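# Structure at a glance
As a plain string of letters, each chain reads:
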Number of protein chains: 2
Amino acid sequence: MISHRSRILLPLGQRVVDKLIRLIDVELESIGAMKISMPILGPRGLWDKTSRWESMSSELLQVKDRHGVEWCLQPTAEEMCTELISQLPALKKRMLPLMVYQTTEKFRDEMNPRFGLLRARQFLMKDLYSFDADSSSASQTYEMVCEVYDRIFRDRLGLETFKVTAQPGVHGGSQSHEYHLKNPLEEDGIHFCSRCGTGSKREDGSHKCECGEPSAVDTFSTVEVAHTFQLGTKYSQALSAMSYNNTPFEMCCFGIGVSRLLPAMISLLSKTDEVVRLPPVVAPFSAAVVVTKSLMPNVITELTLSSLDRQLRGGVLLDDRVEDSIGKRIKSLQEIGIPRIIESYIPSAGNCRSSLSKAIGVINTGKLSICTFIVYL
Amino acid sequence: MISHRSRILLPLGQRVVDKLIRLIDVELESIGAMKISMPILGPRGLWDKTSRWESMSSELLQVKDRHGVEWCLQPTAEEMCTELISQLPALKKRMLPLMVYQTTEKFRDEMNPRFGLLRARQFLMKDLYSFDADSSSASQTYEMVCEVYDRIFRDRLGLETFKVTAQPGVHGGSQSHEYHLKNPLEEDGIHFCSRCGTGSKREDGSHKCECGEPSAVDTFSTVEVAHTFQLGTKYSQALSAMSYNNTPFEMCCFGIGVSRLLPAMISLLSKTDEVVRLPPVVAPFSAAVVVTKSLMPNVITELTLSSLDRQLRGGVLLDDRVEDSIGKRIKSLQEIGIPRIIESYIPSAGNCRSSLSKAIGVINTGKLSICTFIVYL
């Protein structure tokens, strides 16, 4: 929904985003990362300490409060997070790596916001910051979080991502990788070698793959959905965040573009513009039940819904648009990407069958009768 | 954590806030309200349409983007939400009341941010907007949402709230109520009649209670945690949001101060400054297991944690601070308000007892031995 160059997330999209946030929380919690929330407004004084008020100024949306103090709407939180860690009591060795993350709204004063949520001025990003005592343990932490990213994208969401080396850019540091999804919009692009599985940004020129087999290198249009950086000590030095051995922390940072993942996934998985497909684990509802008017305020419908709700995580939608035909409603439910659609009906005697589809990942419609319903209780 | 007049939510507080958000989501979903997200930046043009750019200017944090367009960091979203509804295809009668809500960061350029999260420049608020065809159905919707508020505060969180009539103020409209919690900070205050259960803001002068028994009226210091308004057609008229009968929608709005609820609950329930108490349903963890060094990488500990995790919603904390004494760790877990604390130990032969406390709402410590653990599997 476009409103004055901003976007409102409507109920179906909101459900997908909420599911993405929870999925990421579970995976990051599994490696001991802790969730926090940092303020959206960052004070200029803090950003001056790393000279990024200057170097990022054209992208920073700036605010002056009633006392004349200058702030920016933070596009990222290295400064704020490092400042936080510098204020903590000394960390013991066994507390490292310390990993904190947040999923909050970020801002970038885009010259030309476009492609909807893909390149918006306000976007929802999960950003994780890690703190280690030395660079070799920082590299281990980097690998550990990258493995979790693979688990999130490949195992949980079932997405084919392309991980490419990238320039650290304004964030600084020694190493950086981006995670890309195929996308026709020409928003971004990569070279990728299908043989050795390495790649680089299209803007970096040609790709020298490790296997030395340039014929396996393909160049295609993509969209970036995550990035990771080994930051070194740029921020910890500037903000005096010291480890137990009295040297500045070795930091990494890791971002997932949560709000841009929504259109990126839809674009990748949907075959046509009219029909939305999403990974089943983040589909807005895990099932929909289509009822006729007579079954609307019916105990069967109530029981069907509560039974499905117990069996399936992720919510069950009751389609109560009784003025429309069953066929029209099923079509519209297919269009919004609900993986199971169940039509509730009272069967004629002797005609009981179990037809709730168990397939995941494709749209299935099935009829759920009183008899099959009892099977499922 | 104070950082330049802003606050960072640390891991324990974040868990409480996340649980509050989910609790509110479940309750609002139960009456058919739909969750959305509206942008933080509101364009001046939209705010001019209701003249609130002018009337609220001292509180609005303002931003100019690189194209010179003016925006505010929205403190509330009546304009944005009404604009959204005005852009929808015509709503059918059975779709009403339409209720949409969000839980997002709001901003107010406070002259003097104070009391931490209680009066902060950035705050997390759940705001719900309802749209009805006429004022009598709007009144019904108002009552329905107020009942859900009672369920959230009284039944789910176990909090004694005081509902008082209030001036609609800058929001406009005919009726308004505030929900207050007792709080010693003198941030706010009310008159309340213990006999008839009605009250008003202290700043409105004396309270005329319905029962006519002024001796039952008490005046005390409070903090506001929620407010509700019957808005009438102020916003729908200004933004041309029309109902199926071609008259402007009758609107209500309903807010819960999610981030300020955290300190307000702690202040109400904690007996001393050193010890945090929260409603068990939103305590940061539902239980903690304290282990000795020898039990740390032990299958017993693993099984204990997973068993507790299955039985209790809300997360189980493993206290691995093995360099501290058991007593010190139990004391610190009590201080952060975890309702159940279990000490894991291997009992001497023949000395099995079940001591996991089942009490809710008070801190209990118990020992969980191999024997009792098997009982719980």
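Bear in mind the structure is a predicted one, so any value in this text is a computation, not a measurement.

### Focus on the overall build of chain A
Check the secondary structure of chain A and you find 10 helices and 18 strands. The buried share among the 377 residues of chain A stands at 55%. Relative to all contacts within chain A whose residues are 6 or more apart in sequence, the contacts with residues 24 or more apart total 68%. For chain A, the accessible area works out to roughly 16100 Å², and carbon and sulfur atoms hold 52% of it.

### Things to note about the interface of chain B and chain A
Across the boundary between the two partners, chain B contributes 52 residues, which contact 52 residues of chain A. In total, chain B and chain A occlude about 4700 Å² of area from one another, counting both sides; carbon and sulfur atoms represent 57% of this. Our enumeration of links across chain B and chain A arrives at 10 salt bridges. With its nearest N and O atoms 3.7 Å apart, the salt bridge here joins K92 of chain B to E323 of chain A. Counting across the chain B and chain A interface gives 18 residue pairs in polar contact (both at pLDDT 80 or more).

### Details of the confidence of the model for chain A
Residues and elements named next belong to chain A. Of all residues in chain A, 90% attain a pLDDT of 70 or more, and the chain-wide mean is 86. Considering each helix and strand of chain A separately, the mean pLDDT is smallest for strand β1 (residues 2-3), with a value of 41, and largest for strand β14 (residues 250-257), with 98. Residue range residues 349-362 is modelled with pLDDT below 50. Its contacts to residues more than four positions away, or to other chains, number 26 contacts. Low pLDDT, under 50, characterises residues 372-377; the stretch is placed with 16 contacts to residues that sit more than four places away or in other chains.

### Considerations on the packing of aromatic side chains
The full count for this structure, using the stated rule, is 16 aromatic pairs over all chains. Both rings, one in F162 of chain B and one in F220 of chain B, keep their centres 5.0 Å apart while their planes meet at 65°; by these two values the pair is edge-to-face. You can see F162 of chain B sitting in strand β9 (residues 162-165) and its partner F220 of chain B sitting in strand β13 (residues 217-232), a full 58 residues away along the chain. Aromatic ring contacts, followed pair by pair, group Y142, Y149, F153, Y179 and F254 of chain A into a single cluster. A cation over a ring is seen here: R15 of chain A above F285 of chain A, with NZ or CZ 4.0 Å from the ring centre.

### Looking at the side chain of D109 of chain A
Note on placement: D109 of chain A falls in the loop between β7 (98-107) and β8 (122-132). Put simply, D109 of chain A is tucked away with no salt bridge, and the nearest opposite charge, on R121 of chain A, sits 4.2 Å away. Setting aside chain neighbours within four positions, we find D109 of chain A in contact with S58, E59, L60, L61 and R121 of chain A together with D65 and R66 of chain B.

### With respect to the environment of M95 of chain A
Residue and element names in this part refer to chain A. Following the sequence through the fold, M95 ends up in the loop between α4 (78-87) and β7. We classify M95 as partly exposed; its relative accessible area is 32%. Spatially, the C-alpha atoms of M95 and D132 are 9.5 Å apart, while their sequence positions differ by 37 residues.

### Notes on the domain arrangement of chain A
Domain annotation of chain A identifies domain 1 (11-269) and domain 2 (287-376). Computed from C-alpha atoms alone, the centre-to-centre distance between domain 1 of chain A and domain 2 of chain A is 41 Å.

### Some details on the relation of the copies chain B and chain A
Structural alignment of chain B on chain A gives an RMSD of 0.0 Å, achieved by rotating through 180° and translating 0.0 Å along the axis. One copy is carried onto the other by what is essentially a two-fold rotation axis. No C-alpha of chain B approaches the rotation axis more nearly than that of V63 of chain B, which lies at 2.7 Å. The residues that chain B uses at the interface reappear at the interface of chain A in 100% of cases, marking a shared surface.

### A short note on α4 of chain A
Since the α-helix packs 3.6 residues into each turn, any two residues three or four apart lie on the same face. Within α4 of chain A, eight of the 10 residues are buried, which leaves the element mostly enclosed by the surrounding structure. E78, E79, M80, C81, T82, E83, L84 and I85 of chain A are the residues of α4 of chain A that are buried.

### A look at the packing of helix α1 (residues 11-29) of chain B against helix α5 (residues 135-156) of chain B
When two helices pack together, their arrangement is given by the angle between the helix axes and by the axis-to-axis distance. Residue and element names in this part refer to chain B. One can describe the packing of α1 onto α5 by two numbers: an axis separation of 10 Å at closest approach and a directional angle of 135°. With respect to α5, the element α1 is oriented oblique. Where α1 crosses over α5, the handedness of that crossing is right-handed. Between α1, through L23, I24, E27 and L28, and α5, the contact on the second element is made entirely by V148, R151, I152 and R156. Residues belonging to the contact of α1 with α5 are distributed by class as follows: five nonpolar, no polar and three charged.

### Details of helix α5 (residues 135-156) of chain A
All names here are of chain A. Compared with the 32 Å implied by 1.5 Å per residue over 22 residues, the 30 Å span of α5 between its first and last C-alpha is a close match. Within α5, the full set of buried residues consists of S137, A138, T141, Y142, V145, C146, V148, Y149, I152 and F153. You can read the cap of α5 off the contacts: a side-chain oxygen lies 3.2 Å from the backbone nitrogen of S136, and it is on D134. In the segment just after α5, G158 is the residue with positive phi, at about 65°.

### Quick notes on the environment of M38 of chain A
Examined against the element boundaries, M38 of chain A turns out to sit in the loop between β3 (34-35) and β4 (41-43). By relative accessible area, which is 3% here, M38 of chain A ends up buried. Sequence spacing of M38 of chain A and L96 of chain A is 58 residues, and the spatial spacing of their C-alpha atoms is 21 Å. Ignoring anything within four residues of it in the chain, the contact list for M38 of chain A reads A77, M80, C81, Q102 and Y129 of chain A together with I8 of chain B.

### Digging into the pairing of β7 of chain A
All names here are of chain A. Among the 10 residues of β7, nine are classified as buried, and the element is accordingly described as predominantly covered. In terms of strand pairing, β3 meets β7 through two bridges, oriented parallel. Of the residues in β7, the one forming a bridge with M34 is V100. Judged from the 10 bridges that link them, β7 and β8 form a sheet pairing that is antiparallel. Across the sheet, M99 pairs through a bridge with S130, a residue of β8.

Criteria and thresholds
Residues numbered from 1 in each chain as written. Chains lettered and ligands numbered in written order. Predicted model: local features only at pLDDT ≥ 70, side-chain atom pairs only at ≥ 80, totals over all residues. Heavy atoms only, no water. Helix = DSSP H or I, 4+ residues; strand = E, 2+ residues; numbered from the N terminus. Buried < 20%, exposed > 50% of the residue type's maximum accessible area, 1.4 Å probe, protein only. Contact = heavy atoms within 4.5 Å. Areas by Shrake-Rupley, 256 points an atom, 1.4 Å probe, with all protein chains shown as cover. Buried area = accessible area lost by both parts, 1.4 Å probe. Salt bridge = Lys/Arg side-chain N within 4 Å of Asp/Glu carboxyl O. Polar contact = N/O pair within 3.5 Å; in protein donor to acceptor, adjacent residues only side chain to side chain. pLDDT = per-residue confidence, 0-100. Phe/Tyr/Trp six-rings, centres within 6.5 Å; stacked < 30°, edge-to-face > 60°. Lys NZ or Arg CZ within 6 Å of the ring centre and 35° of its normal. Lys, Arg positive; Asp, Glu negative; His and termini not counted. Domains from an automatic or database assignment. Least-squares fit on C-alpha atoms with pLDDT ≥ 70 in both. Axes fitted to C-alpha atoms, helices over the stretch in contact; angles between N-to-C directions. Parallel < 35°, antiparallel > 145°, perpendicular 65-115°, else oblique. Left-handed = near helix turned anticlockwise from the far one by under 90°. Nonpolar A, V, L, I, M, F, W, Y, C, P; charged D, E, K, R; others polar. Expected span 1.5 Å × (residues − 1). Pairing = 2+ DSSP bridges.

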